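Here is what each chain is made of, one letter per residue.
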Amino acid sequence: SFKIFQLCSAKEKGHIMGSFLSALCRPPFQDPIVSLKMMWIQSITRKGATLNIRLSIYNPNTFPLEIKSLTYKASKTSDGVEIASGKLQDSILVLAEESGVANASVVISFGGLGAASKSIARRGKTEFEIGGMISIGVGAKQRVL
């Protein structure tokens, strides 16, 4: 590739170097920081409850982020029984180095909570994992975390 670079004109070399330096100087992407601000009960049934939660989403980047979607679930590690799941209700634009507020729903399974309670009663603890996916738009590009 060095020989190809030698065949470029001075103008092309300048453009290539400018693009390369621009890419090097671009700050790396940092994941947004999500924290719980408020929670309230929307409904309760025999199988579970639906909660509404208000999240604070901090964008540590030097560019704005559009949070297009956010889904998550909490499950017991030992057997994969789902305890809760949820999703973002609307997309949100979070400006550079600022916080935005988003509303999400959470569906809690009483069966999953019961299974976790049995584990706590038997062993004195239970392990669970929280997983999810967030889809972020950065300008015309989209990234899934």
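Structure's up top.
Rules and cut-offs
- Residues numbered from 1 in each chain as written.
- Predicted model: local features only at pLDDT ≥ 70, side-chain atom pairs only at ≥ 80, totals over all residues.
- Heavy atoms only, no water.
- Helix = DSSP H or I, 4+ residues; strand = E, 2+ residues; numbered from the N terminus.
- Expected span 1.5 Å × (residues − 1).
- Contact = heavy atoms within 4.5 Å.
- Polar contact = N/O pair within 3.5 Å; in protein donor to acceptor, adjacent residues only side chain to side chain.

Participant: Help me understand helix α3 (residues 110–123), please; the structure alone is not making it clear to me.
Facilitator: Along an α-helix, a turn takes 3.6 residues, which lines up residues three or four apart on a common side. Taking 1.5 Å per residue, 14 residues should reach 20 Å; α3 reaches 20 Å between its end C-alpha atoms and fits that length. On its buried face, α3 is in contact with β3 (65–76), β4 (82–88) and β6 (99–109). The residue sitting at the N-terminus of α3 and contributing the capping side-chain oxygen is Ser109; that oxygen lies 3.3 Å from the backbone nitrogen of Gly111. Two residues or fewer past α3, Gly124 is found with a positive phi of approximately 85°.

Participant: For this particular structure, what's the right way to read the environment of Ile83?
Facilitator: Within the secondary structure, Ile83 sits in strand β4. Separated by 46 residues in the primary sequence, Ile83 and Glu129 place their C-alpha atoms 9.8 Å from one another. Beyond its immediate stretch of four places on either side in the chain, Ile83 contacts Ala74, Ser75, Lys76, Val107, Ile108, Ser109, Gly112, Leu113, Ala116 and Phe128.

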